[in-house]
Amino acid sequence: MTTLALLGNEALRFTTDTIVGYVLRDDSGATPEKVNIIALSAACTHMGCLVQWHSADRTFHCPCHDGLFTEDGEVDKRSSLQPHLSPLPQLQTNVEEGRIYVRVPLSKDDSSFC
Ligand code: FES
């Protein structure tokens with residue numbers, strides 16, 4: 001899907017037939033030998049609108065009702081909808097020879113990621 005070299009420090013949005021999501025580096029706990037990658041569904045857990053990455057405050061903003069999520073997909077404590085939100089679903093990732101792979105659902109009804 002992309003490479004570590006191209007990813008940089010911002011969240012990169014991706015779209016497949018079944019999901020819209022983001023991948024970004026997780027520098028917490030990273031070492032020069034190991035880069036951690038986070039992949040998230042972009043579907044807001046309130047009513048499903050697609051969240052947008054804001055690099056200025058490194059959060060995901062929902063344009064529909066002001067939902068707010070941290071860069072690792074947790075509900076931001078500043079969100080007025082905090083009691084009604086769950087974290088953004090994380091997707092499994094794998095890095096092989098500098099290439100980043102994300103496991104995505106095979107169909108829109110598939111709740112198990114393959
Ligand atoms: S759909 Fe995202 S806050 Fe309502």
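Along each chain, residues carry numbers from 1 onward, in the same order as the chain's sequence is written. Local features in this predicted model are restricted to residues of pLDDT 70 or higher, and side-chain atom pairs are both shown and tallied only at a pLDDT of 80 or more, whereas totals for entire chains, interfaces and linings draw on every residue. The side-chain quantities take in all heavy atoms of the structure and omit both hydrogens and water.

**Quick look at the overall build of the protein**
Think of it this way: any DSSP run of H or I at least four residues long counts as a helix, any run of E at least two long counts as a strand, and we number them from the N terminus. What the protein contains, in helices and strands, is 1 helix and 10 strands. Along the protein, helices and strands appear, N-terminal first, in the series β-α-β-β-β-β-β-β-β-β-β. We take the radius of gyration over the C-alpha atoms and set the globule estimate at 2.2 Å times the residue count to the 0.38 power. Its C-alpha atoms give the protein a radius of gyration of 14 Å, near enough to 13 Å, the size a compact globule of 114 residues would have. Based on the C-alpha atoms only, the size of the protein along its principal axes is roughly 40 × 35 × 20 Å. In this description, contact between two residues means that some pair of their heavy atoms is separated by no more than 4.5 Å. Within the protein, contacts between residues at least 6 apart in sequence are counted, and of these 39% link residues at least 24 apart. Summed over all atoms, the accessible surface of the protein reaches about 6800 Å², with 50% contributed by carbon and sulfur. Counted charges follow a simple rule, with Lys and Arg positive, Asp and Glu negative, and His plus the chain ends left uncounted. Here the site of a charge means NZ on Lys, CZ on Arg, CG on Asp, or CD on Glu. Taking the average location of the 9 positive side-chain charges in the protein and that of its 15 negative ones, the two points are 2 Å from each other. In these tables, accessible area is a Shrake-Rupley quantity obtained with a 1.4 Å probe, and a residue counts as shielded only by the protein chains included in the view.

**Section: the side chain of Ser79**
As for its placement among the helices and strands, Ser79 is situated in the loop between β7 (68-70) and β8 (90-91). Setting aside residues up to four positions removed in sequence, Ser79 forms contacts with Asp66, Gly67, Leu68 and Leu85.

**A look at the nonpolar core**
Only buried residues count toward a nonpolar core, which is a set of Ala, Val, Leu, Ile, Met, Phe, Trp, Tyr and Cys residues joined through side-chain atoms within 4.5 Å. In this scheme, a residue with accessible area under 20% of its type's maximum is buried, one over 50% is exposed, and one in between is partly exposed, where area comes from a 1.4 Å probe on protein chains only. Tyr22, Val51, Phe60 and Phe69 are the most contacted members of the largest nonpolar core, which totals 17 residues. Every element with two or more residues in this core is listed here: β3 (20-26) and β4 (36-41). Discounting residues that sit within four places of it in the chain, Tyr22 has contacts with Ala11, Leu12, Arg13, Phe14, Ile38, Ala39, Leu40, Ala42, Val51, Gln52, Trp53 and Phe60. Counting 11 residues, the second-largest nonpolar core is a separate cluster that includes Leu4, Ile37, Val102 and Val104.

**Observations concerning the environment of Asp27**
Checked against the element boundaries, Asp27 lands in the loop between β3 and β4. Along the primary structure Asp27 and Leu85 are separated by 58 residues, whereas in three dimensions their C-alpha atoms are 25 Å apart.

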